[in-house]
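In case you want the letters, here they are:
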Amino acid sequence: MQIFGVDIGGSGIKGAPVDLDRGDLAQERLKVLTPHPATPDTVADGVKEVVDHFGWTGPVGITFPGVVTGGATIRTAANVDKSWIDTDARALLGERLGGLPVTVINDADAAGVAEMQFGAGRDRRGTVIMLTFGTGIGSALFIDGVLVPNTELGHLELHGHDAEKRASSKAKEDHDLSWEHWAHRVQAYLAHVEMLFSPELFIIGGGVSRKASKFLHFIEDIKAEMVPAQLQNNAGIVGAAMRAAKEG
């Protein structure tokens, strides 16, 4: 069974048909740059470009980098244009895609759902936290495999700032940090999250997951097990498709 998944990020919009039996992309994904400003209309155009590229005519699961309530309404927009707030994303994107059935889910929640089913969190019980390091920091919290949606732990305060302003991969690039220096910032963030939630497992996702060997060994004094996401930066696409299949 195949469903289309689209992952909207602060820097790129990527998507592909997903093979839900394997939990992997059925075709090579297409990525287009996220427009700036990333308004509802311009982002919807980007989503349409990705979906149209494959000639897709079935259900589409779409992630959004912010809080999504009721499977439709956007409540926060930290790394896209603020005009997204209170937008009915499901209606907007469904209309732009010519009436295709659309499902919308928080981006980190989608990535987490995919990792729990097909990746590093498979068969893991207890408290598991997936953290995606990209333009911001997304989070997905699971208790015995059940998602607690829209946690947004990237906005916890760390040294007087939003944690994602100090420890996202964008912060690493913006401040030209070495892997070791950045890892120390990530360690401080993980220690804070661990103090609050005491997880058994941290899954480290986002684009940096494929470079885990460059930084994970620098992170010390974290009691939880830490592993890179197995689906790497495709987790959001897979999770979006999974949610669309579930709701369809």
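Just above sits the structure.
Residues numbered from 1 in each chain as written. Predicted model: local features only at pLDDT ≥ 70, side-chain atom pairs only at ≥ 80, totals over all residues. Heavy atoms only, no water.

S.K.: Account for the overall build of the protein, naming residues and giving values.
M.R.: Secondary structure summary: the protein contains seven helices and 15 strands in total. The C-alpha radius of gyration of the protein comes to 17 Å, within 12% of the 18 Å expected for a compact globule of 248 residues. Considering only C-alpha atoms, the protein reaches an extent of 50 × 40 × 30 Å along its principal axes. The burial tally for the protein puts 55% of its 248 residues in the buried class. Taking all contacts inside the protein whose residues are at least 6 apart in sequence as the whole, residues at least 24 apart take part in 63%. Element-wise, carbon and sulfur atoms account for 47% of the exposed surface of the protein, whose accessible area totals about 10,700 Å². (Helix = DSSP H or I, 4+ residues; strand = E, 2+ residues; numbered from the N terminus. Rg over C-alpha atoms; globule rule 2.2 N^0.38 Å. Buried < 20%, exposed > 50% of the residue type's maximum accessible area, 1.4 Å probe, protein only. Contact = heavy atoms within 4.5 Å. Areas by Shrake-Rupley, 256 points an atom, 1.4 Å probe, with all protein chains shown as cover.)

S.K.: If you had to explain the sheet that holds strand β9 (residues 127-133) to someone new, which residues and values would you point to?
M.R.: One open sheet accounts for five strands, arranged β11-β10-β9-β14-β15; its pairing is mixed. If you trace the sheet from one side to the other, it starts and ends with β11 (146-148) and β15 (225-228), each paired once. Across the sheet, the mean angle from the axis of one strand to that of its neighbour is 25 degrees, orientation sign disregarded. In this sheet, β15 lies alongside strand β14 (residues 201-205) in parallel orientation, the contact comprising four bridges. Note on β15: the bridge partner recorded for I203 is V227. Where helix α3 (residues 107-118) meets the sheet, it contacts β9, β10 (137-143), β11 and β14, and its direction lies at approximately 45 degrees from that of β10. (Pairing = 2+ DSSP bridges. Axes fitted to C-alpha atoms, helices over the stretch in contact; angles between N-to-C directions.)

S.K.: Tell me about the packing of helix α1 (residues 40-53) against helix α2 (residues 89-96), and please be specific about residues and values.
M.R.: Two numbers describe how α1 lies on α2: the axes approach to 9 Å, and their chain directions differ by 50 degrees. Viewed along their axes, α1 and α2 adopt a mutual orientation that is oblique. The hand of the α1/α2 crossing is right-handed. Residues P40, D41, A44, D45, V47 and K48 of α1 form the contact with α2, whose own contacting residues are L92, L93 and R96. Residues of the contact of α1 with α2, tallied by class, amount to five nonpolar, no polar and four charged. (Parallel < 35°, antiparallel > 145°, perpendicular 65-115°, else oblique. Left-handed = near helix turned anticlockwise from the far one by under 90°. Nonpolar A, V, L, I, M, F, W, Y, C, P; charged D, E, K, R; others polar.)

S.K.: Provide a residue-level description of the side chain of S209, including the pertinent values.
M.R.: Its place among the elements puts S209 in the loop between β14 and β15. Sequence-distant contacts of S209, that is, excluding residues within four places in its chain, are made with I204, P228, A229, Q232 and N233.

S.K.: Outline the nonpolar core, supporting the account with residue identities and numerical values.
M.R.: Counting residues in hydrophobic clusters, the biggest one holds 53 residues, and the most contacted among them are V6, V47, V51, V60, I62 and W84. Among the elements that take part in this core, helix α7 (residues 235-247) stands out by supplying six residues, more than any other. Ignoring anything within four residues of it in the chain, the contact list for V6 reads I13, K14, G15, V47, V51, V60, G61, I62, T63 and A240. Membership of the second largest hydrophobic core comes to 25 residues, among which are I129, F133, A163 and A167. (Core = buried A, V, L, I, M, F, W, Y, C linked by side-chain atoms within 4.5 Å.)

S.K.: Describe in detail the packing of aromatic side chains, supporting the description with residues and values.
M.R.: A complete count under the given rule lists eight aromatic pairs for this structure. Judged by centre distance (4.8 Å) and plane angle (55 degrees), the rings of F64 and W84 are tilted. You can see F64 sitting in strand β5 (residues 60-64) and its partner W84 sitting in the loop between β7 (73-74) and α2, a full 20 residues away along the chain. Geometrically, the ring pair formed by W179 and W182 is edge-to-face, given 5.9 Å between the ring centres and 75 degrees between the ring planes. With W179 and W182 both in helix α6 (residues 179-197) and three residues apart, this pair spans about one turn of that helix. The class for W179 is partly exposed, based on a relative accessible area of 22%. An aromatic cluster is built from F133, W179, W182, Y189 and F215, whose rings are joined through pairwise contacts. The ring of W179 has K172 lying over it, and the distance from NZ or CZ to the ring centre is 4.3 Å. (Phe/Tyr/Trp six-rings, centres within 6.5 Å; stacked < 30°, edge-to-face > 60°. Lys NZ or Arg CZ within 6 Å of the ring centre and 35° of its normal.)

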